[in-house]
Amino acid sequence: MKVFLVSIFCLVASSSSFISISNILKQTTDTKLLFRKPFITGNWKLNPQTKDEAIELATDIASTITPESPEVALFVPFPFIECVQKAVGDKLQVGAETCTPEDGGAFTSGISPAMLASIRVKWALAGHSERRTINKETDEYINSQCVKLLDQGMSVILCIGETLSEFELNLARSICEVQLKKGLAGVSADDMLRVSIAYEPVWAIGTGKVATPEIAQSVHAECRKIIQDMYGEKVAEETRILYGGSVNPELVDGLLAKPDIDGALVGGASLSAAFGRVINFQPLEETTLID
Ligand code: PGA
């Protein structure tokens, strides 16, 4: 960003027209926002335990959303999808935490994309690290979930990320590359309009250890390069890459100030109305620059 500011300064200094730096920055930021609208998402996992609690929590969260808020989605347990949809109206999207890629048949407990679409669900998660480890979902299985969701006209957040030992071995980039390439196999550039990525280092999920904004930014930038290699610059610029792993109201502003961090996937901190502070984050650096 600093290099960028210097070049803007030189451009303005050498220009005969009277364009203010703040105007240029505003235009540039608007262009970025136009390309990638911030997306704040909550992942309730196996919570809460009753329908009444789900309705109360969703109602509280929805009440924090204003016309200025970013796009918001809540990924909730299957039994609560419809009551939460009713509680939040059009304030936010209600998504599914996973899906079963098969089309029907003998798959006890399965929930297909077609079933989800039939109750107006637009978004689903795929590849969450808990599904990868606890449910032994492979990259191939996750890929078939992505493909089926997209075939159904739905949108997907593909979750990727390395474990602590992989991080310590400096393997974050290569793990993300494998998970992106395998997870998105067969997904067209057009379908990428309905794909967001969530970079969630496994060592930061539910541990209170958050990746610093600098670490997260550097992996996000690498992921964007990988998407560029796969789909070209336009798709890479348009694809939203969310950060996930112990995001909370105190940390969100620093993370979302980074140029390649376009939103958040939030677990624990999405289970109270304080999630409203995450939703209405204030990206410190950008605000300072624009003002
Ligand atoms: P966390 O969970 O915010 O509680 O770390 C994030 C996630 O699992 O998506």
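Residue positions are counted from 1 within each chain, in the order its sequence is given. With the structure being a predicted model, the display of local features is reserved for residues of pLDDT at least 70 and the display and counting of side-chain atom pairs for 80 or more, all residues being used for whole-chain, interface and lining totals.

Caption draft 1: Up close: the environment of L164. Assignment of secondary structure puts L164 in helix α8 (residues 164-168). On the basis of neighbour counts, which here come to 13 C-beta atoms within 10 Å, the residue L164 falls in the partly exposed class. Considered as a pair, L164 and P201 are 37 residues apart in the sequence and their alpha carbons are 7.7 Å apart. The residues contacting L164, other than those within four sequence positions of it, are V202 and W203. Each helix corresponds to a stretch of at least 4 residues labelled H or I by DSSP, and each strand to a stretch of at least 2 residues labelled E; elements are numbered beginning at the N terminus. We call a residue exposed when 12 or fewer other C-beta atoms sit within 10 Å of its C-beta, buried when the count reaches 20 or more, and partly exposed for counts in between; the C-beta positions come from the backbone. A pair of residues counts as a contact when their C-beta atoms, built from backbone coordinates, are within 7 Å of each other.

Caption draft 2: Geometry of the site of the ligand. Surrounding the ligand, one finds 13 residues, the nearest of these being N43, I205, G244, G267 and G268. By the convention adopted, Pro, Cys, Tyr, Trp, Phe, Met, Ile, Leu, Val and Ala count as nonpolar, Lys, Arg, Asp and Glu as charged, and the other residues, Gly among them, as polar. Grouping the constituent residues of the shell around the ligand by class yields 5 nonpolar, 7 polar and 1 charged. Being near a molecule or strand means, for a residue, that its backbone-placed C-beta atom lies within 6 Å of it.

Caption draft 3: Up close: the packing of helix α9 (residues 172-183) against helix α10 (residues 213-231). Orientation is described by axes fitted as lines to C-alpha atoms, over the contacting stretch for helices, and by angles from 0 to 180 degrees between their N-to-C directions. For the pair α9 and α10, interaxial distance at closest approach is 10 Å and the crossing angle is 40 degrees. Taken together, the axes of α9 and α10 are oblique relative to one another. In this structure, α9 crosses over α10, and the sense of that crossing is right-handed. Along its contact with α9, which presents A172, R173, C176, E177, L180 and K181, the element α10 presents V219, E222, C223, I226, I227 and M230. Considering only residue class, the contact of α9 with α10 consists of 8 nonpolar, no polar and 4 charged. For classification purposes, an angle smaller than 35 degrees is called roughly parallel, one larger than 145 roughly antiparallel, one from 65 to 115 roughly perpendicular, and anything else oblique. Handedness of a crossing is defined here by the sense of rotation of the near helix relative to the far one, left-handed for an anticlockwise turn of less than a right angle and right-handed for a clockwise turn.

Caption draft 4: Broad picture of the nonpolar core. By size, the foremost hydrophobic cluster in this structure holds 74 residues, and its most contacted members are L74, A124, V156, L158, Y199 and A264. If sequence neighbours within four positions are ignored, V156 has contacts with A124, A126, C146, L149, L150, R194 and V195. In these notes, a nonpolar core means any group of buried Ala, Val, Leu, Ile, Met, Phe, Trp, Tyr and Cys residues linked to one another through C-beta atoms within 7 Å.

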